[in-house]
Amino acid sequence: MCLAGAAPDYGRTLPSSTSDSEYRVKALFLYKMAHWIEWPKSNLPESAKEIVIGVVGKDPFGKELDLIEKLKPIKKRKVTTRRFESVGQVKDCQIIFLSDSIGEADRTTLIESARKKGIVTVSERKGFCAQGGMFSLIIVKNKLTFTANPSAAKKADIKVSSQLLKLAHRIVKEGE
């Protein structure tokens, strides 16, 4: 499986001992997308030493997400990962992956909270971008791609590079 319209390799590839699993590719996508995102200074001040990628709910990545911590820094910041058991625990991160174990009410709450805090929201749930999420990871013809909602990012004062948006399988607006 490969990333459709693959991004340049900003780091090195994940260690070869790792299987080429779906979640390995998704973890690498989260890492690479961070290169094309500009967060508001309220969420990522110049003094920040790390970019945090979090998962809320049941973690589908396992060890695969932790391996991105070994890749090159992004914008001179170390990449770290965190897990949150519940929506109420989410804080101090720049990208949050909402697992399918999150209920509808919690998902809506987290999308709104993340918007206010300038956090990029990612899921693999169908219709996520129409609900106000920013990126939904999807598999098309055995390749990982994504749906994007740039208007949701803009509302969160997050700038998404047009280069990243060109790679999207589909661009949606909330409510579509």
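Residues numbered from 1 in each chain as written. Predicted model: local features only at pLDDT ≥ 70, side-chain atom pairs only at ≥ 80, totals over all residues. Heavy atoms only, no water.

Draft legend 1. Quick look at the overall build of the chain. When helices and strands are counted, the chain shows five helices and nine strands. Along its sequence from the N terminus, the chain presents helices and strands in the succession α-β-β-α-β-β-α-β-β-β-α-β-α-β. When burial is assessed residue by residue, the chain has 49% of its 176 residues classed as buried. Counted over contacts in the chain with a minimum sequence separation of 6, partners at least 24 positions apart contribute 63%. Here the chain has roughly 8700 Å² of accessible surface; of this, 51% comes from carbon and sulfur atoms. (Helix = DSSP H or I, 4+ residues; strand = E, 2+ residues; numbered from the N terminus. Buried < 20%, exposed > 50% of the residue type's maximum accessible area, 1.4 Å probe, protein only. Contact = heavy atoms within 4.5 Å. Areas by Shrake-Rupley, 256 points an atom, 1.4 Å probe, with all protein chains shown as cover.)

Draft legend 2. Inspection of the sheet that holds strand 3 (residues 78-84) at higher detail. An order of 3-2-4-5-6-7-9 is seen for the seven strands of this open sheet, with the pairing classed as mixed. A strand with exactly one partner marks an edge of an open sheet, and here the two such strands are strand 3 and strand 9 (170-171). For strand 2 (residues 50-56) and strand 3, the ladder comprises seven bridges, and the chain directions are parallel. Along strand 3, the bridge assignment pairs I51 with V79. (Pairing = 2+ DSSP bridges.)

Draft legend 3. Quick look at the pairing of strand 2. With six of its seven residues buried, strand 2 lies for the most part within the structure. Pairing of strand 2 with strand 4 (residues 95-98), which is carried by four bridges, proceeds in the parallel orientation. Looking at strand 4, one finds that V56 is bridged to L98.

Draft legend 4. Region of the structure containing the nonpolar core. M33, V120 and F135 are the most contacted members of the largest nonpolar core, which totals 39 residues. When contributions to this core are tallied by element, the ones reaching two or more residues are helix 1 (22-33), strand 2, strand 4, strand 5 (120-123), strand 6 (135-140), strand 7 (143-148) and helix 4 (150-155). Per-element accounting of this core gives the leading share, eight residues, to helix 1. Excluding anything up to four places from it in sequence, M33 contacts I95, V120, V122, F135 and L164. One finds F84, V87, I102 and F128 within the second-largest nonpolar core, a separate group that totals 14 residues. (Core = buried A, V, L, I, M, F, W, Y, C linked by side-chain atoms within 4.5 Å.)

Keep in mind these numbers describe shape, not what the thing actually does.
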